[in-house]
Amino acid sequence: MLGADNFTTAGGGASASRFEYPSDICIDATTGKVFVVVYGQNRILRFSSAQAATIGGAAEAVFGQPDFTSTTANNGGLSAKSLNAPMYCAMDSSGRLFVTDTMNLRVLRYDNAATKTDFAAADGVLGQADFTSYATDTTAHRFGPLTPTSLALGPNGDLYVNDPANKRVLRFNNAAGKSNGADADGVLGAANFTTVGASAISASSVSGALGLAVDAGGNLYVSDIDYRRILRFNNASTKNNGAPADGVLGAPDLQTGGSGTASRSNMSNSVWIINVLPDGALYVSDAGNHRVLIFDNPAQKPNGADADHVLGQSDFTSSSSRLSASKMNGPESLRYHAQTGYLLIADGSNNRILGFRPVNAGPTATGVTVTGTPQEGQPLTGSYTYTDTENDPEGMSTFQWKRGATAVGGATSLQYTPVAVDVGSVLTFCVTPVASTGTAADVQACSAPSAAVAAAPVDGACGSAAGQPRAIAPAANLCSAGTPGPVSSAGSLYTWQCQGQNGGSPINCQAPWANAGSGSAMVVLTPTNGWQVDNATISATPPTGADALDGATFPAGVLALNLSSGTQGSDATVTLHFTSPIPAGAVYMKYGPSPDGFNCQGNACTQDHWYELPASRVAIAGDRLSATLTLTDGGLGDHDGAANQLIQDPGGFALLAAPAGAQAIPTLSEWGVLLLSALAAAFGLRAARRPRF
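Residues numbered from 1 in each chain as written. Predicted model: local features only at pLDDT ≥ 70, side-chain atom pairs only at ≥ 80, totals over all residues. Heavy atoms only, no water.

*Asks:* What is the right way to look at the packing of aromatic side chains in this model?
*Replies:* Geometrically, a pair of aromatic rings is defined through the distance of the ring centres and the angle of the planes. Enumeration over the complete set of coordinates arrives at 12 aromatic pairs. With centroids separated by 6.3 Å and ring planes inclined at 75°, the aromatic side chains of Phe 578 and Phe 653 adopt a geometry described as edge-to-face. Of this pair, Phe 578 sits in strand β41 (residues 571-578) while Phe 653 sits in strand β46 (residues 646-654), and the two are 75 residues apart along the sequence. For Phe 578, a relative accessible area of 9% gives the class buried. Aromatic pair Tyr 591 and Trp 610: ring centres 5.1 Å apart, planes at 55°, arrangement tilted. Here Tyr 591, found in strand β42 (residues 587-592), pairs with Trp 610, found in strand β43 (residues 609-612); they are 19 residues apart in sequence, far enough to count as distant. Residue classification places Tyr 591 among the buried residues on the basis of a relative accessible area of 7%. Residue classification places Trp 610 among the buried positions, given a relative accessible area of 4%. Three or more aromatic residues joined by ring pairs form one cluster here, namely Tyr 384, Phe 399, Trp 401, Tyr 416 and Phe 429. (Phe/Tyr/Trp six-rings, centres within 6.5 Å; stacked < 30°, edge-to-face > 60°. Helix = DSSP H or I, 4+ residues; strand = E, 2+ residues; numbered from the N terminus. Buried < 20%, exposed > 50% of the residue type's maximum accessible area, 1.4 Å probe, protein only.)

As structure tokens, this is what we get:
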């Protein structure tokens, strides 16, 4: 208990251990420090975790005042340090404290509140443009007069703030990142940001909005004191402006108000604070009936459902106030202090904070994580830390893996190995901690989603093109698995690499150049005029059906080349590469029809025959290891002789036989050469002795 020395004496006064009219409590989950909002003294007291568990414990710091005995509203003037009737608070997992500074018409944000010093300045403000402004309005960035009062944080950092004067609840998405005076992102109770909400009861009105709470599923609960009811808005962050509620407690339906008479299902018009605690239950501070009602699994309750438990009264129909260890007078706020296991209740009119030990609190699971590589076929392991306030040992805790938001059938153990259907999805490990004795909690805790599951690794594998002799670089069937890289050509080989996928290993692949006579060769097409290589082969002899070229040999082989898709009637440029030099004296011989005069006359030129491709169309490299041909669609070098976007080129470098009847040049023996040299010398001496004129 805080604020008093025993359970039969009320608190009061202003010091580090005494206060008057506390209105709310917030707890830093990391340090266990407790923040008590003292509405009646314009200040906030911070207690260490240990002092919070001590009867009459002393605060370690104060906000809103320069010392523990001062209580002046806006002490030192309206500023980032001052407070004027602070009412309620909310705290996020990063230690940010949000406070409704009610009479200053603003919400203050204190970053790292557990370490701030006395009279610390706030770090941010909503409802006002800056820390010294004071304005009221019905807009997205202002509150009505004498508001705001209550606030609550959603699981995604969304801050809900009630604005009773404007009969609405504002939603600020990612409140921690909002700049001073920022606009709200959504509104409930009113159709838009510039309209005051309706006073008449309905499913969408929040005429007397006061207490706010958000559960782990993002469902918002609003205490509407005008009609003695609590409204539930499912998935509130996704609601459109002015959306209707989805359920109600304290009243039989969404169109009817509650009676206010103390009962299991009714509540007074003084429900200042409501809260959803870690056990998942909704705790309702029914100040008018001097009690706290507890609704288990509130999101599943039907309209007008009964409460499951009560604190402060011996039954659901009693409503008297009293000063004792089990009674209270006008309870305001309530929070759960995980470090001690106490339920802390601000007993407002008795000027104290009561600590109730819950009846065997259920276990919790924290630090839920997934280890391993999220990849098909690679096992993942879920882990967590089991905690139970009463040290009840762990029983048969249950596990569930989820693909996205959907439970994976049969995946109910600590380990799970992703399969093909998981590829591209995120996986989550969830645990429901169960104690073997005491209370077995049904609150599921889940890990953060994994990265998207990757497909299983695939090693690269060479395709059917590997090992097959080719005259042109292979373009298809390079890999039977994996992704092919570029094809290179050197040293009589085409080479490429099949890259593995999803971390698989690569493999190097190769194919030899096609055999060409006694060597090998390859074909490269210059990419002009749209020409493409359909196929190219090189053989040691002329193609089947071609007339023999008498006495000729083709030392580099005969090329059969088919080109297509070029511009009609245009030239195609083809380069042949050989591993052995083109023999001296070899000429490029073509087989097919030709213009008149190319080893033919007249009609004979339309018939297939051998003819020499002019030197102007055959450029042999200086090292004679390559030659570039110019072939014309429907002209020289085209076998079909038609300008039809197709070029056929049977031909090759040939060494031709000597023409028939040609005489060989006589040769001299060694003595003949000596005799010829002597005769030449004699004739030269004689000429030198002739007289000159």
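*Asks:* Is there a simple way to explain the sheet that holds strand β17 (residues 271-276) in this structure?
*Replies:* Where strands meet in a sheet, backbone hydrogen bonds hold them as pairs that are either parallel or antiparallel. The antiparallel open sheet is built from 4 strands, whose spatial order is β17-β18-β19-β20. Only two strands of the sheet have a single neighbouring strand rather than two, namely β17 and β20 (309-311). The average angle at which neighbouring strand axes cross in this sheet is 20°, direction not considered. In this sheet, strand β19 (residues 291-295) lies alongside strand β18 (residues 282-286) in antiparallel orientation, the contact comprising 5 bridges. If you follow Asp 286 over to β19, its bridge partner there is Arg 291. (Pairing = 2+ DSSP bridges. Axes fitted to C-alpha atoms, helices over the stretch in contact; angles between N-to-C directions.)

*Asks:* What am I meant to see in the sheet that holds strand β15 (residues 229-233) here?
*Replies:* Taken in spatial order, the 4 strands make up an open sheet running β13-β14-β15-β16, and their pairing is antiparallel. Edge strands, defined here as strands with exactly one partner in the open sheet, are β13 (209-214) and β16 (247-249). Going from strand to strand, the sheet's axes swing by 25° on average, the running direction of each strand aside.

*Asks:* What is the right way to look at the nonpolar core in this model?
*Replies:* Judged by nonpolar contacts, the single largest core of 29 residues is most densely connected at Val 523, Leu 559, Leu 561, Leu 563, Leu 576, Tyr 588 and Phe 653. For this core, the secondary-structure elements that each account for two or more residues are β38 (519-525), β39 (532-539), β40 (558-564), β41, β45 (626-632) and β46. In terms of residue count, the dominant contributor to this core is β41 (4 residues). Once you skip the residues sitting within four places of it in the chain, Leu 563 turns out to touch Leu 525, Trp 531, Gln 532, Val 533, Asp 534, Ala 572, Val 574, Gln 645, Leu 646 and Ile 647. Grouped together as the second largest cluster of nonpolar side chains are 21 residues, Leu 153, Val 161, Leu 170 and Val 187 included. (Core = buried A, V, L, I, M, F, W, Y, C linked by side-chain atoms within 4.5 Å. Contact = heavy atoms within 4.5 Å.)

*Asks:* Can you help me understand the pairing of strand β25 (residues 380-387) in this one?
*Replies:* For a regular strand, the rule is simple: side chains alternate between the two faces of the sheet. Inspection of the sheet shows strand β24 (residues 364-371) paired to β25 by 6 bridges, in the antiparallel sense. Directly across from Thr 364, in β25, lies its bridge partner Thr 387. One ladder, built from 2 bridges, connects β25 with strand β28 (residues 415-416); its direction is antiparallel. Bridge pairing links Leu 380 to Tyr 416 in β28.

*Asks:* I keep staring at the pattern of salt bridges and nothing clicks. Help me out?
*Replies:* Under the definition given, this model contains 15 salt bridges. Across the pair Asp 111 and Arg 109 runs a salt bridge whose closest N-O atoms are separated by 2.8 Å. Given a relative accessible area of 11%, Arg 109 falls into the buried group. Here Arg 291 and Asp 286 are joined by a salt bridge, their closest N and O atoms 3.0 Å apart. For the pair shown, Arg 291 and Asp 286 are each scored as buried. Among the ionic contacts, a cluster of salt bridges with common partners joins Asp 92, Arg 96, Arg 109 and Asp 111. (Salt bridge = Lys/Arg side-chain N within 4 Å of Asp/Glu carboxyl O.)

*Asks:* Explain empty space enclosed by the protein to me, please; I cannot follow it from the model alone.
*Replies:* Rolled over the atoms, a probe sized like a water molecule indicates the empty space that remains. For the structure on display, the rule yields 2 cavities of 30 Å³ or more. Of the pockets and cavities examined, the largest cavity occupies roughly 60 Å³. As for the largest cavity, its lining consists of Ile 538, Ala 556, Gly 557, Val 558, Leu 559, Leu 576, Phe 578, Tyr 588, Gly 651, Gly 652 and Phe 653. Those elements that provide at least two residues to the lining of the largest cavity are β40, β41 and β46. When residues in the lining of the largest cavity are grouped by element, the largest group, 3 residues, is from β46. By residue class, the composition of the lining of the largest cavity is 8 nonpolar, 3 polar and no charged. A volume near 40 Å³ is recorded for the second largest cavity. Phe 98, Val 107, Leu 108, Arg 109, Gly 124, Val 125, Leu 126, Ala 175 and Lys 178 together form the lining of the second largest cavity. Of all the secondary structure elements, the ones that give two or more residues to the lining of the second largest cavity are β7 (106-110) and β8 (124-126). (1 Å grid on protein atoms, 1.4 Å probe; cavity = no way out; pocket = protein on both sides within 12 Å on 5 of 7 lines; lining within 4 Å. Points joined across faces, edges and corners; volume = space filled by probe spheres on them. Nonpolar A, V, L, I, M, F, W, Y, C, P; charged D, E, K, R; others polar.)

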